[in-house]
Amino acid sequence: MNELGFLYTYVRHVDEQDLCRLEMRAFFGEDTLGNVIKSTVRVDADRSPFMKERLEIIFEDAEFEGLLRQVSNFQVEGETFRVMSMNTTDLDGEKKFPHADRRKIEREIGLCIQGEPDLTAPAVLLGVVKWNGKWFFGKYEESKAIWFHHQKKPHSYSTALSTRVARAVANIAVPFPEGIRAIDPCCGIGTVLVEALSMGIDMMGRDINPLVVKGSRKNIAHFGYEGTVVKGPIADVRETYDVVVIDMPYNLFTHITPEGQLGIIQDARRIAKKAVIVTVDTIDNMVSEAGFSIADRCVAKKGTFERQVLVCE
Ligand SMILES: C[S@@+](CC[C@H](N)C(=O)[O-])C[C@H]1O[C@@H](n2cnc3c(N)ncnc32)[C@H](O)[C@@H]1O
């Protein structure tokens, strides 16, 4: 928590809008149709595949001159700094600032700061942004887009989720990893597992298909993460978990019957109180028959192909 809060900026495709908003609700308890969200909740900018930057707010002011006055009291702690203007794209109603204006703003703010500027290798990155009619200054962090490096996996699979969808699903399942034990018992090639493990989420994997179990283990090792993937059906899971992720097998590839799907959801209910289910088919009836209720949901699109993401409790 930070009393003044954080500003998070987002970049997402229109197809991802709904999924991005479900992920926002998981992190912040609220969402926005826009591309900036302000919250007192701290989330690393690297977590979300849709997040571009985070500003940890130190000062805010209705006027730029007022912000300058506040910043002149700011002391960088014995290190070099650089100021970044974040108005590089339209931020909700605030139009993108031209390059020259951004450099001028960065210079003016930089001149007020007590400390040594360094444009090439600064120790501290500071940000300034105009959003929602107000000026904000604070600690700046850009997402390292870790998910991007996970796109090239040694082993792939026709039914695998995209890396971005998988990362959002891991976040929706486990927004705050501390003390949470999770399982992906139909893990396929491990797309969700790789994202979860890269974010410090304690998630184990399992799959009935020995070939994908080997592939997911290799994918996890390839990126230098450590995780456990067991071969076997979900029906054999005996332990319980805080949350289960189920990317439902669907008929196109696995010839699963509706009874088989229901059995998987019933097993999910047996091993966890919360489930995040990804499904191509509409399975609301099965979800309630298994004893879950749908607390939140969205549609993740890719062109005309649609998957539903259901948060079940
Ligand atoms: C849609 S795929 C999962 C894809 C995975 N999320 C990925 O991105 O690679 C569904 C997986 O469920 C597995 N599966 C089907 N029935 C199962 C069962 N009863 N227990 C465990 N795994 C099962 C299939 O082998 C398949 O790998």
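Residues numbered from 1 in each chain as written. Predicted model: local features only at pLDDT ≥ 70, side-chain atom pairs only at ≥ 80, totals over all residues. Heavy atoms only, no water.

S.K.: What is the right way to read the domain arrangement of the chain from this model?
M.R.: Domain boundaries in the chain define domain 1 (6–142) and domain 2 (148–312). On a C-alpha basis, the centroid separation for the pair domain 1 and domain 2 is 34 Å. Taken together, the contacts link 17 residues of domain 1 with 22 residues of domain 2. The contact between domain 1 and domain 2 buries some 1,600 Å² in all, and 56% of this surface belongs to carbon and sulfur atoms. At the boundary of domain 1 and domain 2, one finds 2 salt bridges. (Domains from an automatic or database assignment. Contact = heavy atoms within 4.5 Å. Buried area = accessible area lost by both parts, 1.4 Å probe. Salt bridge = Lys/Arg side-chain N within 4 Å of Asp/Glu carboxyl O.)

S.K.: Would you take a moment to explain the sheet that holds strand E13 (residues 294–302) for this structure?
M.R.: Sheets are built from strands that pair by backbone hydrogen bonding, the pairs being arranged parallel or antiparallel. With mixed pairing, the 7 strands of this open sheet are ordered in space as E10-E9-E8-E11-E12-E14-E13. Every interior strand has two partners, whereas the edge strands, strand E10 (229–231) and E13, have only one. Strand-to-strand twist in this sheet, taken as the mean axis angle between neighbours without regard to direction, amounts to 20°. Helix H7 (residues 210–222) rests against strand E9 (202–207) and E10 of the sheet, and its axis sits at about 170° to E10. Those strands touched by helix H9 (residues 258–271) are strand E8 (181–184), strand E11 (241–247) and strand E12 (272–279), and its axis lies near 150° from that of E12. (Pairing = 2+ DSSP bridges. Helix = DSSP H or I, 4+ residues; strand = E, 2+ residues; numbered from the N terminus. Axes fitted to C-alpha atoms, helices over the stretch in contact; angles between N-to-C directions.)

S.K.: Is there a simple way to think about the site of the ligand in this case?
M.R.: Around the ligand, 21 residues are found, and the nearest of them are Ile-189, Thr-191, Asp-207, Ile-234 and Asp-247. Contacts to the ligand include Tyr-157, whose side-chain N or O atom sits 3.2 Å from an oxygen atom. Ile-208 places a polar main-chain atom, nitrogen or oxygen, 3.3 Å from a nitrogen atom of the ligand. Considering the ligand on its own, with 610 Å² of exposed area, one finds that the protein chains cover 94% of that surface. Residue composition of the shell around the ligand, grouped by class: 13 nonpolar, 6 polar and 2 charged. (Near = heavy atom within 4 Å. Polar contact = N/O pair within 3.5 Å; in protein donor to acceptor, adjacent residues only side chain to side chain. Areas by Shrake-Rupley, 256 points an atom, 1.4 Å probe, with all protein chains shown as cover. Nonpolar A, V, L, I, M, F, W, Y, C, P; charged D, E, K, R; others polar.)

S.K.: How should I be thinking about the environment of Thr-88 in this particular structure?
M.R.: Topologically, Thr-88 is positioned in the loop between strand E4 (75–85) and helix H3 (99–112). Residues within four places of Thr-88 in sequence aside, it is in contact with Lys-52, Lys-96 and Arg-102. One polar contact links Thr-88 to Lys-52, side chain to side chain, over a distance of 3.3 Å.

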